[in-house]
Amino acid sequence: MKAVYYILRGGIIFIALILIFILQTAILPHLSLNVTPNLMLIMVSMMGFMRGRKTGAFTGLVAGLMLDLFSGLLFGTYSLIYMLLGYLNGFFRKIYFGDSIRLPVILTAATDLIYGFMIYGVFFLFKGKTDVWYYFLNVMVPEMVLTVICALVLYFPVYHLNNLLDRIRNRRERRIA
């Protein structure tokens, strides 16, 4: 019975990731913005602090694999980064309260900054591009601002998705008991 719940939960999260991936890679780049918000990172971060370390790491791994498959860059980089960030956000599950939006916004901003520094280290610093302040001010900060704005919009749909997963789990537990 637990296996069915885990498969259902994974399927729902996977469908949400596919929809967010399509939005992030196919629709948002056509807007006239210099940077695009990182919607996949929002989902990974929120699944981490709403569902815990394991779900955050799993969501991060799947999101990273999707980006790795379609980016054409060093394979496994996004998977490792997203999985690590989802796992780290899972540590905040104990202090997460659904009615407060402060923690999700702060964690999303911090996660996006950490993500930016990791991407800079992997893709730019190794190539000898050492102008971190330029990258910080022109890429990381604008992306973080847009990501936080999108996190404010996406918080309640993801919150309701989390509640749906909790209701499914509780219904299954009541049937067993």
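Predicted, not measured: the structure shown is a model, and the values here were computed from it.

Within the structure shown, the criterion is met by 1 salt bridge. Note that Arg51 is salt-bridged to Asp166, the shortest N-O span being 2.6 Å. Placement of the pair is Arg51 in helix α2 (residues 39-51) and Asp166 in helix α6 (residues 132-176), with a sequence separation of 115 residues. Its relative accessible area of 7% is what places Arg51 among the buried residues. For Asp166, a relative accessible area of 21% translates into the label partly exposed.

Looking now at a positive patch on the surface. The grouping of Arg53, Lys54, Arg93 and Lys94 at the surface amounts to a positive patch. Tracing the backbone through its elements, the reader meets Arg53 in helix α3 (residues 53-71). Note on Arg53: relative accessible area 39%, which makes it partly exposed.

What follows is about the nonpolar core. Leu17, Met40, Met43, Tyr82 and Tyr115 are the most contacted members of the largest nonpolar core, which has 42 residues in total. Mapped by element, the contributors of at least two residues to this core are α1 (2-27), α2, α3, α4 (77-90), α5 (102-124) and α6. At 10 residues, α2 tops the list of elements feeding residues into this core. Excluding residues within four positions of it along the chain, Tyr115 makes contact with Asn38, Leu41, Tyr78, Ile81, Tyr82, Leu85 and Glu143.

Structurally, Thr147 can be placed in helix α6. Excluding anything up to four places from it in sequence, Thr147 contacts Pro37, Asn38, Ile42, Thr108 and Asp112.

A grouping of Leu84, Tyr87, Leu88, Phe91, Phe92 and Ile95 is seen on the molecular surface, where their side chains present a nonpolar patch of about 520 Å² in accessible area. Residue position: Tyr87 is located in helix α4. When its relative accessible area of 36% is taken as the criterion, Tyr87 is described as partly exposed.

Caution applies to low-pLDDT regions: their predicted coordinates should not be interpreted in detail. Mean pLDDT over the chain: 87, with 97% of residues reaching 70 or higher. Mean pLDDT in the chain bottoms out at α6, which sits at 85, and peaks at α4, which reaches 95.

For the pair α1 and α2, the least separation of the axes is 9 Å and the interaxial angle reads 155°. By the angle between their directions, the pair α1 and α2 is classed as roughly antiparallel. When α1 is examined against α2, the residues Tyr5, Arg9, Ile13, Ala16, Leu17, Ile20, Phe21, Leu23 and Gln24 are found in contact with a partner set consisting of Leu39, Met40, Met43, Met47 and Arg51. A per-class count over the contact of α1 with α2 returns 11 nonpolar, 1 polar and 2 charged.

Calculation rules
Residues numbered from 1 in each chain as written. Predicted model: local features only at pLDDT ≥ 70, side-chain atom pairs only at ≥ 80, totals over all residues. Heavy atoms only, no water. Salt bridge = Lys/Arg side-chain N within 4 Å of Asp/Glu carboxyl O. Helix = DSSP H or I, 4+ residues; strand = E, 2+ residues; numbered from the N terminus. Buried < 20%, exposed > 50% of the residue type's maximum accessible area, 1.4 Å probe, protein only. Patch = residues over 30% accessible without salt bridge, like charges linked within 9 Å, V, L, I, M, F, W, Y side chains within 5 Å. Areas by Shrake-Rupley, 256 points an atom, 1.4 Å probe, with all protein chains shown as cover. Lys, Arg positive; Asp, Glu negative; His and termini not counted. Charge placed at Lys NZ, Arg CZ, Asp CG, Glu CD. Core = buried A, V, L, I, M, F, W, Y, C linked by side-chain atoms within 4.5 Å. Contact = heavy atoms within 4.5 Å. pLDDT = per-residue confidence, 0-100. Axes fitted to C-alpha atoms, helices over the stretch in contact; angles between N-to-C directions. Parallel < 35°, antiparallel > 145°, perpendicular 65-115°, else oblique. Nonpolar A, V, L, I, M, F, W, Y, C, P; charged D, E, K, R; others polar.

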